[in-house]
Amino acid sequence: FKNETEIPETERQEVALSRVKGLLSINDYILSNGSDAQKYHYKSSLKGALLYASSLGINIDELKKF
């Protein structure tokens, strides 16, 4: 992923949504089949993506429904 400063401000919400949706799309697979390390890294990445989205004003409660 690009650093925030490399993403045009007008595209940051779209990029944040894309990251969260991408991570959520593999949630069941990782949690069912991933190693402990993969699960840890996945959960950390998802938490970071959700926090970033939230910092941009995106309602993360709605995102968790995907």
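Residues numbered from 1 in each chain as written. Predicted model: local features only at pLDDT ≥ 70, side-chain atom pairs only at ≥ 80, totals over all residues. Heavy atoms only, no water.

Visitor: Whenever I open this one, the packing of helix H1 (residues 12-25) against helix H3 (residues 36-55) confuses me. Can you help?
Guide: The description of two helices packed together rests on the angle between their axes and the distance between the axes. Closest axis-to-axis distance for the H1/H3 pair is 9 Å, and the angle between their directions is 150°. Classed by the angle they form, the pair H1 and H3 counts as roughly antiparallel. Judged by the sense of rotation from one axis to the other, the crossing of H1 with H3 is left-handed. Between H1 and H3, the contacting residues are Arg-12, Ala-16, Arg-19, Val-20, Leu-23 and Leu-24 on the first element and Tyr-42, Ser-45, Leu-46, Ala-49, Leu-50, Tyr-52 and Ala-53 on the second. Class assignment for the residues of the contact of H1 with H3 results in ten nonpolar, one polar and two charged. (Axes fitted to C-alpha atoms, helices over the stretch in contact; angles between N-to-C directions. Helix = DSSP H or I, 4+ residues; strand = E, 2+ residues; numbered from the N terminus. Parallel < 35°, antiparallel > 145°, perpendicular 65-115°, else oblique. Left-handed = near helix turned anticlockwise from the far one by under 90°. Contact = heavy atoms within 4.5 Å. Nonpolar A, V, L, I, M, F, W, Y, C, P; charged D, E, K, R; others polar.)

Visitor: How should the nonpolar core be read in this particular structure?
Guide: Looking at soluble globular proteins, one finds that nonpolar side chains tend to be buried together. Formed by 13 residues in total, the largest nonpolar core has its most connected members in Val-20, Tyr-42, Leu-46 and Ala-53. Elements represented by at least two residues in this core include exactly H1 and H3. It is H3 that contributes the most residues to this core, six residues altogether. Every residue in contact with Leu-46, bar those within four places of it in the chain, is listed here: Leu-23 and Leu-24. (Core = buried A, V, L, I, M, F, W, Y, C linked by side-chain atoms within 4.5 Å. Buried < 20%, exposed > 50% of the residue type's maximum accessible area, 1.4 Å probe, protein only.)

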